[in-house]
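# Residue-level structural notes
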Amino acid sequence: MSELIFERNSRSDVTRLPALTTDEKTLLSKLPAAVLRKSTPALPTVSELDVVRHFTNLSRKNFNVDSNFYPLGSCTMKYNPKVLDTIASMTPYAHSHPYQDESECQGALKVLFETQRFLSEVAGMDEFTLQPAAGAHGELTGLLIAHAYHRAKGRTKTKVLIPDSAHGTNPATAALCGYEVVTVKTDANGHVDLADLRSKLDAGVAAFMMTNPSTLGLFEEDILEIAKAVHAVQGLVYYDGANMNALLGICRPGDMGFDIVHINLHKTFAVPHGSGGPGSGPVGVKKELIPFLPSPRIMKDGDKYRLEDAAQSIGKLRTFYGNFGAIIRSYAYIKALGREGLREVSEHAILNANYLLAKLKDTFDVPYSHRCMHEFVMSARRQKKRGVRALDIAKRLLDYGIHAPTVYFPLIVEEAMMVEPTETESKETLDEFVRVLLEIDKEITENPQKVLDAPHTMPVSRIDEVRAAREPNLRWKKKSPPKAVESNDPVHTR
Amino acid sequence: MRYISNTDNDRKEMLEAIGVRSFEELIEKIPASLQNFQLDIPAGLSEPELMHDLGATGRMNKHAADHASYLGGGVYDHYVPTVVSHLAHRGEFITSYTPYQGEASQGTLQAVYEYQTMICELTGMEFSNASMYDGASSLAEAALLAIRATGKRRIVLPATLHPEYKAVVRTYLSCLDAEIVEAPAVDWALDGKKLAALVTSETAAVVLQQPNFFGVIEDARAVSDAAKKAGALFIACVNPVSLGLLEPPGEYGADIAVGEGQPLGNPVSFGGPHFGFFTVNEELLRKIPGRIAGMTVDKAGRRSFVLTLQAREQHIRREKATSNICTNHSLCALKSAIYLSLLGPEGLRRLALLNLQNAHETHDRLLAVKGVRALTTRPFFNEFAIEIDKDPVKLKESLLKNRVLGPLALRRFFPEMKNAYLVAVTENRTKDHLERLVEAVERA
Amino acid sequence: MDTSKLRYTQTHEWVSLEGKIAKIGITDHAQKEISDVVFIELPKQGRAVKAKDSAMIIESVKAAFDIYAPVSGTIVETNEALKKKPELVNQSPLGEGWLFKIEVADPKEVEALLTLAQYDSVKDAAH
């Protein structure tokens, strides 16, 4: 059974810290007795060896890109170059403080400024803010900018339009900005229904949030028309950059007419996912929106970098300047790839996805086109008729050492499986994936229970999520009172 | 450097299998006008070239590894044990994905569960989420939660709150029907009487930063009482290392406790990534933003961990979600769990005592220097505000000459405070650092 | 419970009227759609609701569902048992799994809702 670190007991070495040179009593006398802590937090009491074993063994239970193929649609699980981790840990970067005077941190400011410029180039925008810590944070920033812009223009805007295929963060963000959400339909070909969009556009629309390619992996060919229609009612077009991996060096959201974009550095620009974070979600804007950017902006005068607040800034979304440790990874990544390397990323992302689509379309339903960009959506509808669902296929893939594609998203496709191989995978890995899926499909006919009971080789199988939600157990609690702390500690009187 | 795995031959075979003659056919639907541009980005670099380039840029930076850093203001130069990065940077943690597929992520999920437990123990609160972006945005989310939970509009912020935290709360609330009022300070701490007058029955929450931005330890119970009296929620924003010695928010009546987790095992890294911790008691559990890991069993009865209470989250509730947050700062939270595991309760206490010791020693030495005076005599933990009556340019020159970074000039936030400085002193400051600091100030 | 005497809504709530008090729950069809109920957020007693307002929320593992007030009135009672045993909604949606009671402003509003036959055709049409 999996042991919690609290269930282990060995010697916790306090000599890992320097000794005190003043006695405790004197020190504590500097604080009023009333503010002193009387309880002892039940933190683990273990040796360094036990800590190392515990977390090392935990890590080995995880699927991860370094070990497994992860064709998770919309996540861009590409290889995370190790040199980027080394660069982010370099002493001058890891040990600099955001409140150092400008003259004392020109290196860090240069990294931020040049990253802003690189992203502006790649996305076709005029300036970027690197403050947002994640994609959803970027969306909030972008909509707040839109809100401030419209308010400055004296416009009454109450609505945001969002496609029905959109990621959940989009409507959640709009609500946070006080906007009403209106959904725009996707047509039978998997594109934004232009007629439906037009019917919903009026003077009250602040923005249309969308992505291109769409969440179905299809390029929105009408994008120029869409942008024009939204601009005609003085709305802004917002680009959700989750699918940027399809466009590098091929085309740019700024050129399509987008006014605001966010980019996910932990997707397109190789920042590792870190088991859930941290990422980074920089936001790019066109010229007219620059005054509203979060503060401070990073500027350059001659060869000196400096900070300056935006003229009508929306304020701040977080402390300091952004997730520097993530940003510098993307900066180095872009420098390593260069102009041609960036284009190659998207070419191979698109090539790999189309190859998989061609190989899988006879076994799985593909509700839309048989050409895609960097990802595609297939349906396990046919398999469901034989008694096995997308979820079960996802679990069975784990037994083959392959992480499942994204399942049940987008909501408009039944038994959806969204596949995004990324550009860093080889044809051999893709062929293996196809072979495994075909094998599982055969198994659905010949031995469906094997799939329904999967996974068989993981530490756990078919977790009881109902119980987890009905009887939430969200932290460990010590059963008996804590042992008295063994030190000459006048605060602990019992 | 490229990182592509396909060979030229692979590319050829794949195009054939797809049924096209060239790659361009795959993007022919993209309007030609959109493809007509050149990226103004230099050619790519090899790995050694990249390292040299980033190394050169790094040399344009001063940093705390070869300077003595007295900078604080929300993030601090604590010592990060080697084991922390060694474990957290394992590929199995750093390149794994969000643990949506529970069976493939038991390592992450158990680590998150353990992190949640440790944060609850530290803060004395009942439940914690899996972490958020940083202390400031966690505070803003707490304000949003308070407004939603109470149906009231007013948030009372202390004047002694970190200026950037104030800005973030204002930005988050800027589009909503909400009101922010600032409770004034007297002698660098909250004025209790004036606070009570501002906390009305229309107040959703009162916020306290402990210790406050100026390092002063506030009267938390007075704030708690004022909130309770008016039926408002009490949000405490606390320094986690201080909780090794100071009473935790769960014991002085906080309804929500948040804060910046960076001091727990995360490098300063020019301001990020760090993480915000977010804790509540039972009454607010169903309204908590962000991800949460829970313990349950699998179909064979084995102990298992899983993301739970997801019905609140953006990917399900969409516009009715408790927040729009998607990521947590998992790796940063993991570092704090490893760090706290290495310290244990005794280590945490020793750590806090060392901070207290070093800060008070530095304080006393500085006050003995001509031209330096304390701005307040109120109690402090590891950060304090002083006035140094010396020409700022000469002072800075003298400090840099002794390889000292900081202290933080408060005029950065409050232009009228021309000679006020915030001095942060952690367990990572040595006797040698102290001598260099004192000498630099004396000499200026 | 005599299901033929109940009235229903398009959003799968049932209503049982006794005098001025309407007892409300969700149909068997709805509980099947929701699948395992994990949490119930009951409405506040004394709250005034208009017909079609979202009165409360039922959560499953994967989703959260709004439950709508079928008629206008005031919430006078809620089924507190659901706090400890949310699964009652699945086990006995028309019985022990009832949700809340409204003191109706206008009893005629209840009559105007769907009959069992009308609801049956509505719910089948939705598939």
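Definitions and limits used
Residues numbered from 1 in each chain as written. Chains lettered and ligands numbered in written order. Predicted model: local features only at pLDDT ≥ 70, side-chain atom pairs only at ≥ 80, totals over all residues. Heavy atoms only, no water. Helix = DSSP H or I, 4+ residues; strand = E, 2+ residues; numbered from the N terminus. Rg over C-alpha atoms; globule rule 2.2 N^0.38 Å. Contact = heavy atoms within 4.5 Å. Areas by Shrake-Rupley, 256 points an atom, 1.4 Å probe, with all protein chains shown as cover. Lys, Arg positive; Asp, Glu negative; His and termini not counted. Charge placed at Lys NZ, Arg CZ, Asp CG, Glu CD. Expected span 1.5 Å × (residues − 1). Buried < 20%, exposed > 50% of the residue type's maximum accessible area, 1.4 Å probe, protein only. Polar contact = N/O pair within 3.5 Å; in protein donor to acceptor, adjacent residues only side chain to side chain. Salt bridge = Lys/Arg side-chain N within 4 Å of Asp/Glu carboxyl O. Domains from an automatic or database assignment. Core = buried A, V, L, I, M, F, W, Y, C linked by side-chain atoms within 4.5 Å. Pairing = 2+ DSSP bridges. Axes fitted to C-alpha atoms, helices over the stretch in contact; angles between N-to-C directions.

Turning next to the overall build of chain C. When helices and strands are counted, chain C shows five helices and nine strands. Walking chain C from its N terminus toward its C terminus, one meets helices and strands in the order β-β-β-α-β-β-β-β-β-α-α-β-α-α. Over its C-alpha atoms chain C spans a radius of gyration of 13 Å, differing by no more than 12% from the 14 Å that the globule rule assigns to 127 residues. Along the first, second and third principal axes, the C-alpha set of chain C runs to 35 × 35 × 25 Å. Here the analysis covers contacts within chain C between residues at least 6 apart in sequence; of these, 60% occur between residues at least 24 apart. Accessible surface, chain C as shown: approximately 6,400 Å² in total, 51% of it carbon and sulfur. Of the charged side chains in chain C, 16 are positive and 20 negative, and the gap between their average positions amounts to 3 Å.

Here we come to helix H14 (residues 427-446) of chain A. A rise of 1.5 Å per residue sets the reference length of H14(A), with its 20 residues, at 28 Å; its end C-alpha atoms lie 28 Å apart and thus fit the reference within 8%. When we look at burial in H14(A), the residues that qualify are Lys427(A), Leu430(A), Phe433(A), Val434(A), Val436(A), Leu437(A), Ile440(A), Asp441(A), Glu443(A) and Ile444(A).

In this section: helix H5 (residues 106-123) of chain A. Between its terminal C-alpha atoms H5(A) stretches 25 Å, which fits the 26 Å expected from 18 residues at 1.5 Å a residue. Count one or two residues on from H5(A) and you reach Gly124(A), which has phi positive near 70°.

Before going further, it helps to spend a moment on the side chain of Asp392(A). Residues and elements named next belong to chain A. The topology assignment puts Asp 392 in helix H13 (residues 390-399). Here Arg 389 takes part through its backbone nitrogen, which lies 2.9 Å from a polar atom of the side chain of Asp 392. Here Arg 462 takes part through its side chain, which lies 2.9 Å from a polar atom of the side chain of Asp 392. Excluding anything up to four places from it in sequence, Asp 392 contacts Val 451, Leu 452 and Arg 462.

This paragraph deals with the pattern of salt bridges. A pair can form between side chains of opposite charge whenever their charged atoms are brought close. Residues and elements named next belong to chain A. In the structure shown here, the tally under the stated rule is 64 salt bridges over all chains. The salt bridge involving Lys 185 is made with Asp 196; its shortest N-O contact spans 3.7 Å. In this pair, Lys 185 sits in the loop between strand S3 (180-184) and helix H8 (194-200) while Asp 196 sits in helix H8, placing the two residues eleven residues apart along the sequence. Here Arg 252 makes a salt bridge to Asp 255, at a shortest N to O gap of 2.9 Å. Residue Arg 252 is classed as buried on the basis of its relative accessible area of 13%. Residues joined in a network through salt bridges with shared partners are Asp 365, Arg 381, Arg 382, Lys 384, Arg 389, Glu 414 and Glu 415.

Next up on the list: the environment of Ser461(A). In this fold, Ser461(A) is placed in the loop between helix H15 (448-452) and helix H16 (465-470). In this structure the C-alpha to C-alpha distance between Ser461(A) and Ser74(A), which are 387 residues apart in sequence, comes to 25 Å. Excluding anything up to four places from it in sequence, Ser461(A) contacts Asp453(A), Ala454(A), Pro455(A), Glu103(B), Asp298(B), Lys299(B) and Arg302(B). Here the side chain of Ser461(A) touches Pro455(A) through a polar contact of 2.9 Å, landing on its backbone oxygen.

Domain boundaries in chain A define domain 1 (5-59), domain 2 (83-337) and domain 3 (346-470). Using only C-alpha atoms to locate each centre, domain 1 of chain A and domain 3 of chain A end up separated by 46 Å.

What follows is about the nonpolar core. Formed by 138 residues in total, the largest nonpolar core has its most connected members in Phe269(A) and Ile393(A). The contacts of Ile393(A), once residues within four sequence positions are left out, are Phe364(A), Ala380(A), Gln383(A), Val388(A), Met417(A), Leu437(A), Ile440(A), Ile444(A) and Val451(A).

All names here are of chain B. What the four strands build is an open sheet, ordered S13-S14-S17-S16; its pairing is antiparallel. Each of the sheet's edge strands pairs with one partner strand only, and the pair in question is strand S13 (372-374) and strand S16 (408-409). Relative to strand S17 (residues 420-424), strand S14 (residues 383-388) is paired through five bridges, and the arrangement is antiparallel. By the bridge assignment for S17, Glu 383 is matched with Ala 424. Running at roughly 10° to S14, helix H11 (residues 330-367) makes contact with S13, S14 and S17 of the sheet.

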